[in-house]
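These are the residues of each chain, in order.
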Amino acid sequence: MKKLLRIDSSPRKNSSISRQLADVLQEKIENLGNHTTVSRDVYYDDLIKLGNEDSVTAYFTPVNQQTEIQREAITASNTLATEFADADTYLFAVPMYNFGVTAGLKAYIDLIARAGISFKYTENGPEGLLKGKKAYVIITTGGTKLGTEVDYVSGYMTTFLNFVGITDIEFINSDQVMVNAEKILSDAKEEINELIIK
Ligand SMILES: Cc1cc2nc3c(=O)[nH]c(=O)nc-3n(C[C@H](O)[C@H](O)[C@H](O)COP(=O)(O)O)c2cc1C
């Protein structure tokens, strides 16, 4: 069985468009019958509190030289980063907030982009370790058109995923939902239905 890791990042639980679309795509992937799903709700996991002086120092300290306090401080990041690295398929539900990703998703990415787990340093610079995996990225915006120069979500997600070695990325854009929510939602659902998923 392959592992599907679903990452939600909207603070809205009931009326979230990114979550609704991710539900449709998750169901489609699960219907293949070859994936088990693990979910992370990164806006609600209070991840920002997991970063501190000790955890960040531990990122750059070899395990056998870490203090007990540093080892403890880095435990949650280890768990999240290992879970991320273990997945085969990713489903990101990404609302645009003030032209970027939400604080919860940024905090999550800061915890999972870890040398030795998701990338490594080489003589030629950093190299992603998560090769041969697939990511689906659903992006929702209220009024901003994706692909314009104020879109700091699409490029950021591409850069981060490429950085950790994930280059097979499928974007499902659901932008400018405030213009015509119903049509944009149904178009995005249609796009998901037409995706060929293996
Ligand atoms: C705090 C906040 C900031 C937002 N910033 C933007 C923005 O910069 N550009 C935009 O197009 N929409 C923005 N929106 C609208 C959201 O992107 C839109 O409501 C989207 O559907 C949110 O995703 P969700 O439906 O999954 O919660 C913002 C909404 C909130 C609450």
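Our subject is the structure that appears above.
Calculation criteria
- Residues numbered from 1 in each chain as written.
- Predicted model: local features only at pLDDT ≥ 70, side-chain atom pairs only at ≥ 80, totals over all residues.
- Heavy atoms only, no water.
- Axes fitted to C-alpha atoms, helices over the stretch in contact; angles between N-to-C directions.
- Helix = DSSP H or I, 4+ residues; strand = E, 2+ residues; numbered from the N terminus.
- Parallel < 35°, antiparallel > 145°, perpendicular 65-115°, else oblique.
- Left-handed = near helix turned anticlockwise from the far one by under 90°.
- Contact = heavy atoms within 4.5 Å.
- Nonpolar A, V, L, I, M, F, W, Y, C, P; charged D, E, K, R; others polar.
- Near = heavy atom within 4 Å.
- Polar contact = N/O pair within 3.5 Å; in protein donor to acceptor, adjacent residues only side chain to side chain.
- Areas by Shrake-Rupley, 256 points an atom, 1.4 Å probe, with all protein chains shown as cover.

A. Molecular detail of the packing of helix α5 (residues 103-112) against helix α6 (residues 154-163). Closest axis-to-axis distance for the α5/α6 pair is 12 Å, and the angle between their directions is 15 degrees. With respect to α6, the element α5 is oriented roughly parallel. Judged by the twist between their axes, the crossing of α5 over α6 is left-handed. Only Y156, M157 and F160 of α6 make contact with α5, whose side of the interface consists of L105, K106, I109 and I112. Across the contact of α5 with α6, the residue classes break down as 6 nonpolar, no polar and 1 charged.

B. Fine view of the site of the ligand. Close contacts around the ligand come from 16 residues, with S10, R12, S16, S18 and T144 the closest. Interatomic distance of 2.8 Å between a backbone N/O atom of I17 and an oxygen atom of the ligand. Between the ligand and T144, the relevant distance is 2.7 Å, taken from an oxygen atom to a main-chain nitrogen or oxygen of the residue. Coverage of the ligand by the protein chains reaches 76% of its 630 Å² of free accessible surface. Grouping the amino acids of the shell around the ligand by side-chain chemistry returns 6 nonpolar, 9 polar and 1 charged.

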